[in-house]
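Here is what each chain is made of, one letter per residue.
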Amino acid sequence: MRASRSFFLPEAQMLIRHSPDIAPSEITPRSLYLRRREFLAGFGASLAFAGAAQATPLAATRSPFSTSEPKTPRTDVLAYNNFYEFGGRKSDPADNAHTLTTKPWKVRIDGLVAKPADFLLEDLIEPHALEERVYRMRCVEGWSMVIPWIGVQLSEILKRAEPLGSAKYVAFETLVRPEEMPGQKGLLQLLPWPYVEGLRLDEALHPLTILAVGLYGETLPNQNGAPLRLVVPWKYGFKGIKSIVRISLVETQPKTSWNIQNPREYGFYSNVNPNVDHPRWSQATERRIGEGGLFAKRRPTLMYNGYADQVASLYGGMDLERYF
Amino acid sequence: MRAALRIPKLAVYVAGLVPAAWTFYLGLQDQLGPEPIKTLEQELGLWSLRFLLLCLLISPLRRVAGVDLFRYRRALGLLAFYYAALHLSAYVALDHGFDWPAIGRDILKRPYVTIGMAAFVILVPLAATSNNAAIRRLGATAWARLHKLVYVAAILAAAHFLLIVKSWPAEPLLYAAATAALLAVRAFPSVLRHARRAAESVIPGRPQA
Ligand code: HEM
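All of these numbers come straight from a predicted model, not from anything done at the bench.

Caption draft 1: Structural detail: a positive patch on the surface. Positive charge collects at one region of the surface, where Arg6, Lys9, Arg71 and Arg74 of chain B lie side by side. Summarising the element assignment, Arg6 of chain B is placed in the segment before helix H1 (9-28).

Caption draft 2: Region of the structure containing the coordination of the iron atom of the ligand. All names here are of chain B. Only His87 (NE2) and His160 (NE2) from the protein reach the iron atom of the ligand as donors, at distances of 1.9 to 2.0 Å. Because the angles between the six donor atoms bound to the iron atom of the ligand fall within 84 to 179 degrees, the donor set is best described as octahedral. With His87 in helix H3 (residues 73-95) and His160 in helix H8 (residues 149-164), this residue pair connects regions lying 73 residues apart in the sequence. Its relative accessible area of 21% is what places His87 among the partly exposed residues. Among the residues examined, His160 registers a relative accessible area of 16% and is labelled buried.

Caption draft 3: Highlighting the site of the ligand. Residue and element names in this part refer to chain B. Lining the immediate environment of the ligand, one finds 22 residues, of which Lys38, Glu41, Gln42, His87 and His160 sit closest. In the environment of the ligand, an oxygen atom lies 2.8 Å from a nitrogen or oxygen atom belonging to the side chain of Gln42. Between the ligand and His160, the relevant distance is 2.8 Å, taken from a nitrogen atom to a side-chain nitrogen or oxygen of the residue. For the shell around the ligand, the class distribution of residues is 14 nonpolar, six polar and two charged.

Caption draft 4: Up close: the packing of aromatic side chains. Applying the stated criterion across every chain yields a total of 19 aromatic pairs over all chains. Consider the rings of Tyr80 of chain A and Trp143 of chain A, whose centres lie 5.0 Å apart with planes at 70 degrees: the pair is edge-to-face. Of this pair, Tyr80 of chain A sits in the loop between helix H3 (74-79) and helix H4 (92-96) while Trp143 of chain A sits in strand S5 (residues 143-153); the two residues are 63 residues apart in sequence, bridging distant segments of the chain. For the ring pair Phe81 of chain B and Phe120 of chain B, a centre distance of 5.7 Å and an interplane angle of 15 degrees mean the geometry is stacked. Residue Phe81 of chain B is located in helix H3, and its partner Phe120 of chain B is located in helix H5 (residues 111-128); the two are separated by 39 residues in the primary sequence. Judged on exposure class, the residue Phe81 of chain B and its partner Phe120 of chain B are both buried. Members of the aromatic cluster, each reached through a chain of ring pairs, are Tyr169, Phe268, Tyr269, Tyr304, Tyr315 and Tyr323 of chain A. The ring of Tyr80 of chain A has Lys90 of chain A sitting right over it, with the charged end atom 5.6 Å from the ring centre. In this arrangement the basic side chain of Arg136 of chain A is found over the ring face of Tyr307 of chain A, its NZ or CZ atom lying 4.4 Å from the centre.

Conventions we followed
Residues numbered from 1 in each chain as written. Chains lettered and ligands numbered in written order. Predicted model: local features only at pLDDT ≥ 70, side-chain atom pairs only at ≥ 80, totals over all residues. Heavy atoms only, no water. Patch = residues over 30% accessible without salt bridge, like charges linked within 9 Å, V, L, I, M, F, W, Y side chains within 5 Å. Areas by Shrake-Rupley, 256 points an atom, 1.4 Å probe, with all protein chains shown as cover. Salt bridge = Lys/Arg side-chain N within 4 Å of Asp/Glu carboxyl O. Lys, Arg positive; Asp, Glu negative; His and termini not counted. Charge placed at Lys NZ, Arg CZ, Asp CG, Glu CD. Helix = DSSP H or I, 4+ residues; strand = E, 2+ residues; numbered from the N terminus. Donors = N, O, S within 2.8 Å, 3.2 Å for Na, K, Ca; no water. Tetrahedral: all angles 85-135°; square planar, octahedral: opposite > 155°, others 65-115°. Buried < 20%, exposed > 50% of the residue type's maximum accessible area, 1.4 Å probe, protein only. Near = heavy atom within 4 Å. Polar contact = N/O pair within 3.5 Å; in protein donor to acceptor, adjacent residues only side chain to side chain. Nonpolar A, V, L, I, M, F, W, Y, C, P; charged D, E, K, R; others polar. Phe/Tyr/Trp six-rings, centres within 6.5 Å; stacked < 30°, edge-to-face > 60°. Lys NZ or Arg CZ within 6 Å of the ring centre and 35° of its normal.

As structure tokens, this is what we get:
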């Protein structure tokens, strides 16, 4: 195997050009920074406890990447989920996911990296500053939310594993544990397990891409993908793989679950795009959850879910009808 | 057993419309969950399909089990139509806010909507002729032939449901299976004969239907 190249620096510099200007007021004051260290210690400690999931408060600095749109009510964020490991209905995850034990939680980072390793979740997260990112989330089914995630940039974590020059993609894998995930057993299983997802390396390193460990100021509820999930705000929600146990750097485009299930309908990229319809329904509009009851209007879906300024350059010259 | 059911027909209509009224009421009270419009729309569609299948159950029920609910068949069929109309209204008014170009495109481009629309279009003449005057005007044979279209509507409705979902969840599969079973007992009368013989051996001395 070749030794690792210093792969990240040019990449990171390139990415910084896409990020919006950070106002001086956004730079974390020292007192807050110190406080954050305490909370981070708290995060580790809370995760170290074995046993049932308990929402633990998390402190995080606000991120300039956050939208100022009204957030979707927390009750809706926790009640309306697609997480087929716990069943096919939107209410199934909230009803069934309490059975999942998330402590201890191990994550393997392997593949084309100089430093493959198995991490305990707290060891994976603790070295990094937690940020709150309020992102739009657009589901491929035509609804959307605004969710205050707490997490760390995926690029920070990948950097520690030192990807090799040959790494072109990142593959992710969800836990398989039928004893605790009722959707993974029985007659009618909706997807092949494990749920797998993938990103191109430049997408994975983009500053908008995060690994979330919490939302609404607390550790992730099980139904939202505890204890560790991916959030890629310019892609359809199903790209945000939940309850991650493995992250592999690979050379060729990895398989992704919905693409395996129905390649005609779900592509590898799955970037939010109002101009490319799902074969069975239009993607031009969406319904914002928690907005206006029975008489709410649809709203237009935005290119790259409104993140075009930051990410459109990743797809320059690509035929988006073909690479949907 | 046959005498047991003497519910007035009007009660069937009233009870049949309760789910619509109740769901709409819950919607107004903001009690339909995170996606109230979708929930209402789905609920109305589901009840339409349920009444359609109940309507198709009447005749095999009499032939196999000797339970005669024929006097309610028209009510069930009309309820299926009312719910389809309400379902379509919810789709047009609430889901798409009378955005006619978008609705038109949806109906033409999305097979599942096209199929739902076809099911509805079929139910219109059936509902319009579900009265004694129409039966007299058409004559019993022509009327019966026209109303065979209900089988087509049921197939389309079940397909419509199957085409909406991602992956293969149980509910639409169960409804499709029920539809297939109700059509199979008609297509293959021997199935019915076997079923009746089985029923007779279980309940000796049961009066013939
Ligand atoms: C006999 C006629 C019809 C029947 C029996 C019927 C039945 C159904 C059923 C069972 C569902 C699924 C409910 C669920 O997911 O739980 C459904 C959904 C739907 N139907 Fe129909 N339908 C009919 C006609 C129509 C028509 C005419 C339209 C529109 C032109 C339509 C549009 C839709 C849409 C858009 C959905 C999906 C709602 C959603 O999930 O957002 N249907 N229908």
